[in-house]
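Listed here are the chains, written in short residue letters.
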Amino acid sequence: MNGTYATTEAETRTRVLIVEDMPWDYKLMQHELVRSGLECVTHRVEAESEFREALEEFEPDIILADYNLPRFSGMRALRIVQDLGLDTPLILVSGAVTEEVALQCLQAGATDYLLKDNLLRLGPAVEAALESIRIQRAHRKAEDEREALEMRMSAFADSTADAMIVVDADGRIRFWNRAATSIFGFAVDEVLDEPLLRIMPERLHAQHRAGFEAAARGGPSGTLSPRRTTGLHKSGVEVPIELTLGSWEEGGERFFSAVVRDITERVEAEHECALLSAAVEQSSNMMIITDKDGNIQYANSAFETITGYTKEEAIGQNPRILNSGRQSAALYEKMWAELLAGRPWTTEFINRRKDGTEYQQRTTIFPIRDGEGRIRNYVGIGQDVSKERTLERQLRQSQKMEAIGQLTGGLAHDFNNILAAILTNAQLLAMTGPPEWAEEGSELRDIESAAWRGADLIKKIMAFSRDEHLDLEAVDPSEILKETVGLLKRVLPESIELTLREAHAGALVNVDRSGIQQILLNLATNARDAMPEGGTLTFSTLVSGSGAGRSETDRDPRVEITVRDTGVGMDAETLERAFDPFFTTKAPGKGTGLGLATVHALVQRHGGTIEVTSEPGVGTTFTVGLPLAEPGEQRPHNPEPLRNEASAHPGKVLLLVEDEAPLRRAGARALERFGYRVLVAEDGKQGLGLLEAHREEISLVVTDLIMPEKGGSELYEATSAWKPRPAFLITSGYSPREVAGVVLDDDVPFLRKPWNATDLVEAVHEALDGSQNSTRVGAP
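It should be emphasised that the depicted structure is a prediction, and the values quoted were computed from it without experimental measurement. (Residues numbered from 1 in each chain as written. Predicted model: local features only at pLDDT ≥ 70, side-chain atom pairs only at ≥ 80, totals over all residues. Heavy atoms only, no water.)

(A) Inspection of the overall build of the protein chain at higher detail. Of regular secondary structure, the protein chain possesses 23 helices and 28 strands. Within the protein chain, the proportion of its 780 residues that are buried is 44%. Summarising the internal contacts of the protein chain: among those between residues at least 6 apart in sequence, 62% fall at separations of at least 24. Accessible surface, the protein chain: about 40,600 Å² in total, of which carbon and sulfur atoms supply 52%. (Helix = DSSP H or I, 4+ residues; strand = E, 2+ residues; numbered from the N terminus. Buried < 20%, exposed > 50% of the residue type's maximum accessible area, 1.4 Å probe, protein only. Contact = heavy atoms within 4.5 Å. Areas by Shrake-Rupley, 256 points an atom, 1.4 Å probe, with all protein chains shown as cover.)

The structure is reproduced here in structure tokens:
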């Protein structure tokens, strides 16, 4: 029967706490309690700390304590109970003790004293103690209630703000308290034995007589409900009052009581409240008022508009009905800590409307105190800031993307210089080394191929993060599709099956290679997210022509690239917004809403079209239409190695300005290999000095666009007044359009990094010839 502290059984039985160090004696007491028929649950302790804990958690109805224990004693337990102000009866139990000690224990406050060799008396002693304490408690409760009533009546009589007036059967005033003097202005001696109607406006006399008659008809004693009326002040000013009439008989005589309350302030307050209520009801901000436990007592019209709950549905509920589960428990703990301390709390919640949709709400909550400073209510004012936060997130996202673009641009500039040095030196080694070095599959060709792939990777990153210049060329779409599918096989989960179907009959498309690959990768990522359990992702191509197209957009011949998944699909509403920037159906933190928007923008910049069809539970199909290119427009992605050839301009003096030393050396070697005389400068400042020193000799300035000391644009501007002006060839990983402050004439040739020896030599030849038709050199 040694039960736990809190069980259903323990709540319906007498809880007996036994202070005993001997388990056998404890068992004997348990047995005796059961034998005596007492319905109880027991708990044993033998140390003071356990005893204190049990008093708080076990909450015993009675205590049985051994008089003397090795670590504790019954008398010590008795003093603890008394110090805590508990009235729990305590019976001392001992093996042997004198009558004198037993008497001292009883005088100290013990309920009874038993010897362990006479436990037959334990059951009756416990029942007697419990009955005694029940009687004592009932007496104390009755006494406390009587004293409380007397105190309330005394306080009421001494401090009431209401006028208390007693009138006899003839309607004359027999009692008048101080509050009556305060309300009506008459002293007691001015109104005693005077008719009550003296303090009523004459126009209301008949109404008040009827009220007294109704109170009299209520029987020997009766009371009428309070009603509003008007009293008359000694000065003649009318006073709005609330009047309660009652009647009773005493000694065969009938008396009437009139309890009068001055409601002037209430009437004024009600007028103010009516104005405030109208303002609150018409406010666009929601407002709720709760009791001190947080249960809603009032909600305005904006609450209904914002949350979807009616006032009737909300009143009596806790604001937790709006909880989306997106806030942490720590937030609510901090909020309540502030509110219970009497301080206002302002924060933003992600709440859930009645229809299940979420919205962001900025909320200010503050406590309302009564006249004694105690918190009685809480007021919550909320504003739906979903649109504002969406705009802020879009702005932050835009700023983040701009920052990424700037960071990526800086990294791309350095990587392009590194790749250009690798590509150029690899070609130069192929020129001077054994023939097998230049063969397909050789170490040098693999180095070149890897470098070109690195260059494409840089273009992909830059295209994702900023409005990258499109480098259009005629390419076979099957080449891009195969490369993309190969990449996706390494990154998509095995649960997604990849399929490639081609039917384009050798058609070429005029596109930016990295831009189209980004389109395909974004669509594949979208498809992956739509197939969390796996599925099939199919890429296919088809040539469409005039009259054979699927829609009005297919009037001109083009290649259609189709990306089809078997995912969850989209409903009509989602489909309509599929390409909207920052729109996403993914969970917070899982998507930016820029993937399909980027796809749409890139397709349009290519002069193409994109269409999407979808059905929930079936899948989604994107069809990208790209303009055809002439076969002659295609150029190799990885050109053949450069061979030793005679320079088209032998002996010409060139100035190469490049801040990256490895690239500067590689470029100089390549140009000197073809018969040019090359002067080198590590920045624009040094290059300008060489230009001024060798003005008559230098035929072409090959300069990087961006350098720490005077970039290529500044170098170009510094020679604007020279006659004749040397020719310039600008080279950079950036397009000049993308660099703030760069001003170049439209006919200045431009070579994009990373370049190799082939690119550089051809660009120099064409720049010296004045040609602007090369696919590698052109106006920026």
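(B) View of the environment of Gly185. Note on placement: Gly185 falls in the loop between α7 (178-184) and α8 (188-191). Since its relative accessible area comes to 27%, Gly185 is described here as partly exposed. The sequence separation of Gly185 and Ile199 amounts to 14 residues, and the corresponding C-alpha distance is 9.7 Å. Setting aside its immediate chain neighbours within four residues, Gly185 contacts Ala180, Glu190, His233 and Lys234.

(C) Molecular detail of the pattern of salt bridges. Going through the model one piece at a time under the given rule, you end up with 38 salt bridges. The shortest N-O distance in the salt bridge between Glu46 and Arg71 comes to 3.5 Å. Placement of Glu46 in the loop between β2 (40-45) and α3 (48-57) and of Arg71 in the loop between β3 (62-66) and α4 (74-83) is noted, with a sequence separation of 25 residues between them. Residue classification places Glu46 among the partly exposed positions, given a relative accessible area of 25%. Its salt-bridge partner being Arg326, residue Glu358 comes within 2.5 Å of it at the nearest N-O pair. With Glu358 in strand β15 (residues 358-369) and Arg326 in the loop between α12 (311-314) and α13 (329-340), the pair connects residues that are 32 residues apart, well separated along the chain. Owing to a relative accessible area of 35%, Glu358 belongs among the partly exposed residues under this scheme. Here the salt bridges do not stand alone but share partners, grouping Glu20, Asp25, Asp66 and Lys116 into one network. (Salt bridge = Lys/Arg side-chain N within 4 Å of Asp/Glu carboxyl O.)

(D) Representation of the confidence of the model for the protein chain within the structure. Per-chain confidence: the protein chain averages 80 in pLDDT, with 82% of residues scoring 70 or above. For residues 771-780, every residue scores under 50 in pLDDT, and the model assigns this stretch 32 contacts once sequence neighbours within four places are set aside. (pLDDT = per-residue confidence, 0-100.)

(E) Region of interest: the environment of Thr703. Of note, Thr703 is situated in strand β26 (residues 698-704). Measuring from C-alpha to C-alpha, the distance between Thr703 and Ser713 comes to 8.9 Å, with 10 residues separating the pair along the chain. Apart from residues lying up to four places away in sequence, Thr703 is in contact with Val657, Gly712, Leu715, Phe728, Leu729, Ile730 and Thr731.

(F) Region of the structure containing the sheet that holds strand β5 (residues 112-115). The parallel open sheet is built from five strands, whose spatial order is β2-β1-β3-β4-β5. The open sheet has two edge strands, β2 and β5, and neither has a second partner. Within this sheet the neighbouring strands show an average axis-to-axis angle of 20 degrees, counted without direction. In this structure, strand β1 (residues 14-19) lies alongside β2, joined through six bridges in parallel fashion. If you follow Arg15 over to β2, its bridge partner there is Val41. Lying on the sheet, helix α2 (residues 23-35) is in contact with β1, β2, β3 and β4 (90-94); it crosses β2 at an angle near 165 degrees. (Pairing = 2+ DSSP bridges. Axes fitted to C-alpha atoms, helices over the stretch in contact; angles between N-to-C directions.)

(G) Region of interest: helix α21 (residues 684-693). Among the residues making up α21, those that are buried are Gly684, Gly687, Leu688 and Leu691. Along α21, the residues classed as buried sweep out an arc of 100 degrees about the axis, all on the same side. Of the residues in α21, the exposed ones pointing more than 90 degrees away from the buried face are Lys685 and Ala693. Capping the start of α21 is the job of one residue whose side-chain oxygen sits 3.2 Å from the backbone nitrogen of Lys685: Asp683. (Arc of directions from axis to C-beta. Polar contact = N/O pair within 3.5 Å; in protein donor to acceptor, adjacent residues only side chain to side chain.)

(H) Spatial organisation of the nonpolar core. Residues Ile519, Leu520, Leu523, Leu537 and Phe539 are the most contacted members of the largest nonpolar core, which totals 36 residues. Of the residues forming this core, the biggest block, seven residues, is contributed by helix α17 (residues 513-530). The residues contacting Leu520, other than those within four sequence positions of it, are Ile480, Leu481, Thr484, Phe539, Ile561 and Val563. (Core = buried A, V, L, I, M, F, W, Y, C linked by side-chain atoms within 4.5 Å.)

(I) Region of interest: α3. Listed in full, the buried residues belonging to α3 are Phe51, Ala54 and Leu55. One side of α3 carries all its buried residues, which in axial view fall inside an arc of 105 degrees. Turned more than 90 degrees off the buried face of α3, the exposed positions are Ser49 and Glu56. For α3, the elements touching its buried residues are β1, β2, β3 and α4. Positive backbone phi, approximately 50 degrees, marks Glu59, located one or two places after α3.

(J) The arrangement of the side chain of Arg664 in detail. For Arg664, the position within the fold is in helix α20 (residues 661-673). Separated by 2.5 Å, the side chain of Arg664 and the backbone oxygen of Glu658 make a polar contact. For Arg664, the residues in contact, after removing those within four places along its chain, are Leu656, Glu658, Asp659, Val680, Ala681 and Glu682.

(K) Region of the structure containing unusual backbone geometry. Following Lys723, the chain continues to Pro724 via a peptide bond in cis, the omega torsion being -5 degrees. Between Lys753 and Pro754 the backbone carries a cis peptide bond, its omega angle lying at 5 degrees. By the secondary structure assignment, Pro754 is in the loop between β28 (750-752) and α23 (757-769). Its identity as a non-glycine residue notwithstanding, Lys710 has a phi of 60 degrees, on the positive side. Within the secondary structure layout, Lys710 lies in the loop between β26 and α22 (712-718).

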